[in-house]
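Coordinate inspection notes
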Amino acid sequence: MKKYIIWLDDMRPIPEEIDHSKCVWYITAEGMIKDFSQIIKYFNEIDYISLDNDLGTGNMEGYKVLDWLESLQIDIPFGIHIHTANPVARERMRAIIQRNGWKEIY
């Protein structure tokens, strides 16, 4: 069974090399967190998530998805890729991943 890829970015489209039929695109962290809170039992069907941080003025930043996942205090079975161009946010996100022993995908 092919697993899903979750893409969070308000501007960058899903890259061509990713199978779009198994990819879900979110443009806000709020939307992603809302949906994820409903599908926790299906987390094993996710291959990885790919996160941007800067999601537009007035919107929650992408690192908040990782904060929310951390608050669940559960093992995360999928990988996490950070594709933000913001170096400070990238390190903040990487610290959350490392602190929890999650798998970062480069």
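Refer to the preceding data block for the structure.
Procedures and definitions
- Residues numbered from 1 in each chain as written.
- Predicted model: local features only at pLDDT ≥ 70, side-chain atom pairs only at ≥ 80, totals over all residues.
- Heavy atoms only, no water.
- Helix = DSSP H or I, 4+ residues; strand = E, 2+ residues; numbered from the N terminus.
- Rg over C-alpha atoms; globule rule 2.2 N^0.38 Å.
- Buried < 20%, exposed > 50% of the residue type's maximum accessible area, 1.4 Å probe, protein only.
- Contact = heavy atoms within 4.5 Å.
- Areas by Shrake-Rupley, 256 points an atom, 1.4 Å probe, with all protein chains shown as cover.
- Core = buried A, V, L, I, M, F, W, Y, C linked by side-chain atoms within 4.5 Å.
- Axes fitted to C-alpha atoms, helices over the stretch in contact; angles between N-to-C directions.
- Parallel < 35°, antiparallel > 145°, perpendicular 65-115°, else oblique.
- Left-handed = near helix turned anticlockwise from the far one by under 90°.
- Nonpolar A, V, L, I, M, F, W, Y, C, P; charged D, E, K, R; others polar.
- Polar contact = N/O pair within 3.5 Å; in protein donor to acceptor, adjacent residues only side chain to side chain.

1. Description of the overall build of the chain
Looking only at helices and strands, the chain has 3 helices and 5 strands in total. Helices (α) and strands (β) of the chain occur, in sequence order from the N terminus, as β-β-α-β-α-β-α-β. Here the chain has a C-alpha radius of gyration of 13 Å; the compact-globule value for 106 residues is 13 Å, and the two agree. Viewed in the frame of its principal axes, the chain has a C-alpha envelope of about 35 × 30 × 25 Å. Relative to its 106 residues, the chain shows a buried fraction of 40%. Partitioning the intrachain contacts of the chain with sequence separation of at least 6 by distance along the chain shows that 64% fall at a separation of at least 24. A total of about 6200 Å² of accessible surface is found on the chain, and carbon and sulfur atoms cover 52% of it.

2. Regarding the nonpolar core
M32, F36, I49, L51, L66, L69 and F78 are the most contacted members of the largest nonpolar core, which totals 25 residues. Elements represented by at least two residues in this core include exactly strand 1 (4–8), helix 1 (29–38), strand 3 (46–51), helix 2 (63–72), strand 4 (79–82) and helix 3 (87–100). The biggest single contributor to this core is helix 2, with 5 residues. In this view, F78 contacts F36, F43, I46, D47, Y48, I49, L69 and K103; residues no more than four positions away in its chain are not counted. Listed in part, the 6 residues of the second largest apolar core include W7, I14, I18 and C23.

3. Thoughts on the packing of helix 1 against helix 2
At a minimum axis distance of 9 Å, the contact between helix 1 and helix 2 shows a crossing angle of 25 degrees. Comparing the axis directions of helix 1 and helix 2 gives the class roughly parallel. Where helix 1 crosses over helix 2, the handedness of that crossing is right-handed. Contacts between helix 1 and helix 2 involve A29, M32, I33, F36 and S37 from the former and K64, V65, W68 and L69 from the latter. Residues of the contact of helix 1 with helix 2, tallied by class, amount to 7 nonpolar, 1 polar and 1 charged.

4. Overview of the side chain of H83
Locating H83 in the fold gives a position in the loop between strand 4 and helix 3. Judged by its relative accessible area of 12%, H83 falls in the buried class. Of note is the side chain of H83, whose polar atom sits 3.4 Å from the backbone oxygen of L8. Of the polar contacts made by the side chain of H83, one reaches the side chain of D9; its length is 2.8 Å. Excluding residues within four positions of it along the chain, H83 makes contact with W7, L8, D9, R12, S50, L51, D52 and R90.

5. Some thoughts on the packing of helix 2 against helix 3
At their nearest, the axes of helix 2 and helix 3 sit 9 Å apart, and the two run at 20 degrees to each other. When the axes of helix 2 and helix 3 are compared, the pair comes out roughly parallel. For helix 2 against helix 3, the interelement crossing comes out left-handed. Each of Y63, L66, D67 and E70 in helix 2 lies in contact with helix 3, whose residues at this interface are R92, M93, I96, I97, R99 and N100.

Everything listed here is a matter of geometry and, on its own, says nothing about what the molecule does.
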